[in-house]
Amino acid sequence: MSAPTPERDRPWVFRTYSGHSSAKASNALYRSNLSKGQTGLSVAFDLPTQTGFDSDHALARGEVGKVGVPISHIDDMATLFDQIPLDRMNTSMTINATAAWLLSLYVANAERNGVDAAALQGTTQNDIIKEYLSRGTYVFPPEPSMRLIADMVSYTVDKIPKWNPINICSYHLQEAGATPTQEIAYAMANAIAVLDGVRDSGDVSPEVIPNVVGRISFFLNAGIRFVEEICKCRAMAEIWDEITGERYGVENPKLRRFRYGVQVNSLGLTEAQPENNVIRIVLEALGVTFSKKARCRALQLPAWNEALGLPRPWDQQWSLRIQQILAYETDLLEYPDLFDGSHVVEAKVEELKASAKEELERVLKMGGAVAAVESAYMKQQLVASNTRRLRAIENGEQTVVGVNAYTEAEPSPLTDEDEQSILVVDDSAERDQIEALRAFRAKRNDAEVQAALRELDDALASGRNVMPVSIRAAQAGVTTGEWSDTLRQRFGEYRAPTGVVEGRAAEASDGTAAVRERVQAIEAQLGRPLKLLVGKPGLDGHSNGAEQIAVKARDVGMEVVYEGIRLTPEEIAASARDEGVHVIGLSILSGSHGVLVIDVLEELRKVGCGDVPVVVGGIIPDDDAQKLRAAGVARVYTPKDFDLTRIMDEIVDVVADSRAAA
């Protein structure tokens, strides 16, 4: 007689964060992934779409289709979901500043296909506060941005009840350097800011607030310290239960559940010995699936080669198979929570809860998450934490196998094919998208478009909910850029604090002290401080690398000019001229270096600064690095260059060489 088959829990939703080139190419990728057993979609949008620009806008140059799919109008959205059953699909959209618009396009496309909005399931990320802190795809100031979120929450709870209108996103906080305590505290502060805003808006009656609370979901990161990650998730579940019960009076335990999805840590993926990343990804996946009480609802795993460039379909398939083996082959889903009664886990959970509550209370006393963004408090804390993390790696106190230890390696068969080991977006994708956008504009009814835009502006001015008029605008053929420009004219644009504070670090390693001496020596020759301009051209908002370069340059005694993200090549060149800098450091993580760096070099020549040396950092394949050096770039740095002290030393060399050649 065979043993009875144990009852298994239902697995989490399997997703892969993906999208590139065009709606058509991304649709083919989605349908291929679904055919392999993926059970949900996670849409990556390109930077113009995320920041509210049409593909033919000047700031979109070089960025179209690079880090995600370009969506400019309803026809793009229809192509993206062609042959995908919207009423049965669970779709996650990583979109924030323009979340109301992309959800409107999704709803309008569903209605065009006869699908009731009430049947739609999925999530819009829609956490603008973390965009100010870490990811940089914000557009509007905090107050109107929070209003847009409140509009979406109050609209969806009534009209799209299965939709999660916001993912409170601590993922990018960890990517920006947050400790577990900061990740918990700042995520909870963000959630409180959103819920307080909805409650105080008056758009939702008090008896509906518990339902609003029940639709709030979270999006977490999972790092390599997977035991600590397990405890973090359990701590967040317990704190959320307390907040929802005590602050918002939610009595139904189901509505107090801590519901969350996960993308495991991309920050910890290494360019050196990239095959090791698969082991890291598996362990990080355990951190959010091991504990039944704090198990994720949806999981997306990066590919092993994401520190090298965009993954290919095969790489994404490998990550999907990790999830499937974990869920279907192991016995993980057959048991109750494995950690109940563990005094070690319980002690760590209590420690995290206590420290997180203390930090949360500090933020709330400042006036909450929005006030702590505007005062730069949270940003400065994250920059400081990331600085400590990078110094620990640089000093060897934190081991990263293949990077600062055990660096001896055999040639990897996975990377022998060089650039064939990643997906490269063809430059023709941008041209094709722009041609298709212009054809779309030419065929639509301009009178209907203008009427829809006037109605949108009226709603913004009068304080009416933005969702109904945005859905009608999507149906009329309004584009992403037109919708966003209407909001820009009404709300204005915002530049968040950089978090890079003035002053030199009190402590310095021997290496840092040695570079300081070299900086002082060259300053004596220059007759003034050595001045470095750190620039972020294009729409890429991932500023962690640029901030750490700015902090390190300041530590070794350089004078630093850093004006934040989203600068045009013309603005960078003008700043170099006006500030009289000796060297320029450009940071680009969107894969647009081939266009934007060349544009900066050209603009520098135009303003008479062609002799100012330029160094570049980013995810840059070897072939591209050779092309940049041939174009005049002095140094190229990639993720394997973790030693910031060495980089500073080499920047001094670059300035010295430049003076010698003058």
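A few points on the structure. Please read all numbers here as calculations on a predicted model, not as lab measurements. (Residues numbered from 1 in each chain as written. Predicted model: local features only at pLDDT ≥ 70, side-chain atom pairs only at ≥ 80, totals over all residues. Heavy atoms only, no water.)

Below, the discussion takes up the overall build of the protein chain. Summing up its helical and strand segments, the protein chain has 25 helices and 15 strands in all. The globule rule puts the C-alpha radius of gyration for 662 residues at 26 Å, and the 25 Å found for the protein chain is close to it. Referenced to the eigenvectors of the C-alpha coordinate spread, the extents of the protein chain come out at roughly 75 × 65 × 55 Å. Long-range pairs, those at least 24 residues apart, make up 79% of the contacts in the protein chain between residues at least 6 apart in sequence. Total accessible area on the protein chain is roughly 26100 Å²; 49% of this is exposed by carbon and sulfur atoms. (Helix = DSSP H or I, 4+ residues; strand = E, 2+ residues; numbered from the N terminus. Rg over C-alpha atoms; globule rule 2.2 N^0.38 Å. Contact = heavy atoms within 4.5 Å. Areas by Shrake-Rupley, 256 points an atom, 1.4 Å probe, with all protein chains shown as cover.)

Attention now moves to the packing of aromatic side chains. Counted according to the given criterion, the structure contains 15 aromatic pairs. Centroid distance Tyr138 to Tyr494: 6.1 Å. Interplanar angle 70°. Geometry classified as edge-to-face. Here Tyr138, found in the loop between helix H5 (128–135) and helix H6 (142–159), pairs with Tyr494, found in the loop between helix H19 (480–491) and helix H20 (510–526); they are 356 residues apart in sequence, far enough to count as distant. Look at Tyr171 and Phe219: their rings are 5.7 Å apart centre to centre, the planes differ by 45°, and that puts the pair in the tilted class. (Phe/Tyr/Trp six-rings, centres within 6.5 Å; stacked < 30°, edge-to-face > 60°.)

Ranked by internal contacts, the top residues of the largest apolar core, which has 167 residues, are Leu120, Met188, Phe218, Met378 and Met558. Looking at which element gives the most residues to this core, the answer is helix H8 (residues 180–201), with twelve residues. In this structure Met558 touches Val519, Leu530, Leu532, Ala553, Met648, Ile651 and Val652, once residues within four positions along its chain are discounted. Counting 24 residues, the second-largest nonpolar core is a separate cluster that includes Leu567, Ile584, Val597 and Leu601. (Core = buried A, V, L, I, M, F, W, Y, C linked by side-chain atoms within 4.5 Å. Buried < 20%, exposed > 50% of the residue type's maximum accessible area, 1.4 Å probe, protein only.)

Attention now goes to the side chain of Ser104. Relative to the assigned elements, Ser104 resides in helix H4 (residues 99–112). Setting aside residues no more than four positions away along its own chain, Ser104 makes contact with Met467, Ser470, Ile471 and Ala474.

With that settled, the discussion passes to the environment of Ala118. By secondary structure assignment, the location of Ala118 is in the loop between H4 and strand E5 (121–124). With relative accessibility at 29%, the residue Ala118 sits in the partly exposed group. What Ala118 contacts, discounting residues up to four positions off in sequence, is Lys159, Ile160, Pro161 and Lys162.

Strands pair in a sheet through their backbones, by hydrogen bonds, and they do so in one of two ways: parallel or antiparallel. Judged by pairing direction, the sheet is parallel, and its five strands sit side by side in the order E2-E3-E4-E5-E6 without closing on themselves. At either margin of the open sheet sits one strand with a lone partner, and together these are strand E2 (17–18) and strand E6 (163–164). Bridge count for E5 against E6 is two bridges, and the pairing is parallel. From the neighbouring strand, Gly122 faces E6, where its bridge partner is Trp163. Taken strand by strand, helix H1 (residues 23–35) contacts E2 and strand E3 (41–44), and its axis lies near 155° from that of E3. (Pairing = 2+ DSSP bridges. Axes fitted to C-alpha atoms, helices over the stretch in contact; angles between N-to-C directions.)

A word on the pairing of strand E8 (residues 217–222). Within a regular beta strand, the side chains point alternately toward one face of the sheet and then the other, so they alternate between its two faces. Burial runs high along E8: six of the six residues are buried. The side-chain alternation of E8 yields two buried faces, one formed by Ser217, Phe219 and Asn221 and the other by Phe218, Leu220 and Ala222. Sheet topology note: the strand E7 (residues 167–169)/E8 ladder contains three bridges and is parallel. Note that in E8 the partner of Cys169 across the bridge is Phe219. The sheet contact formed by E8 and strand E9 (residues 260–264) spans five bridges and is parallel. In the sheet register, Phe218 faces E9, and the bridge partner there is Tyr260.

As a packed pair, H6 and H8 sit with axes 9 Å apart at the nearest point and diverge in direction by 70°. Classified by the angle their axes make, H6 and H8 are roughly perpendicular. Viewed along their axes, H6 and H8 form a crossing whose handedness is right-handed. For the pair H6 and H8, contact is made by Met146, Ile149, Ala150 and Val153 and by Ala193, Val194 and Val198, respectively. Its residues assigned to classes, the contact of H6 with H8 shows seven nonpolar, no polar and no charged. (Parallel < 35°, antiparallel > 145°, perpendicular 65-115°, else oblique. Left-handed = near helix turned anticlockwise from the far one by under 90°. Nonpolar A, V, L, I, M, F, W, Y, C, P; charged D, E, K, R; others polar.)

The next thing to look at is unusual backbone geometry. Generally, phi is negative for residues other than glycine and the peptide bonds are trans, each holding for most cases. The phi dihedral of Asn126 is positive, around 60°, even though this residue is not glycine. Positionally, Asn126 belongs in the loop between E5 and H5. You will see that Tyr406, though not glycine, has its phi angle at about 50°, which is positive. Residue classification places Tyr406 among the exposed residues on the basis of a relative accessible area of 60%.

What follows covers the sheet that holds strand E13 (residues 583–588). Here we have five strands laid out as an open sheet, ordered E12-E11-E13-E14-E15, and parallel in their pairing. Strands at the two margins of the open sheet, each flanked by one partner only, are strand E12 (559–562) and strand E15 (635–637). Strand after strand, the sheet turns through a mean of 20° between neighbouring axes, direction not considered. Looking at chain direction, strand E11 (residues 531–535) and E12 are connected through four bridges and run parallel. From the neighbouring strand, Leu533 faces E12, where its bridge partner is Val561. Strands in contact with helix H21 (residues 544–555) are E11, E12 and E13; relative to E12, the strand with the most contacts, it is inclined by about 160°. This element, helix H25 (residues 644–661), spans E13, strand E14 (614–618) and E15 of the sheet and lies at about 165° to E15.

Turning our attention to the side chain of Arg488. Here Arg488 is to be found in helix H19. On the accessibility criterion, Arg488 (10% relative accessible area) is buried. Within the local environment of Arg488, its side chain forms a polar contact with the side chain of Asp485, the two groups lying 3.1 Å apart. Here Glu493 takes part through its side chain, which lies 3.4 Å from a polar atom of the side chain of Arg488. Setting aside residues up to four positions removed in sequence, Arg488 forms contacts with Thr51, Gly52, Phe53, Val139, Phe140 and Glu493. (Polar contact = N/O pair within 3.5 Å; in protein donor to acceptor, adjacent residues only side chain to side chain.)

This brings us to the pairing of strand E4 (residues 90–94). Along E4, four of the five residues are buried, which leaves the element largely enclosed by surrounding structure. Relative to E4, E3 is paired through four bridges, and the arrangement is parallel. Following the sheet pairing, Val43 is matched in E4 by Met93. Bridge count between E4 and E5: four bridges; the pairing is parallel. Its bridge partner lying in E5, Thr91 is registered against Gly122. In this fold, E4 hands off to H4, which returns the chain to E5; that crossover is right-handed. (Right-handed = clockwise from strand over helix to strand, strands pointing away.)

By themselves these figures say nothing about function.
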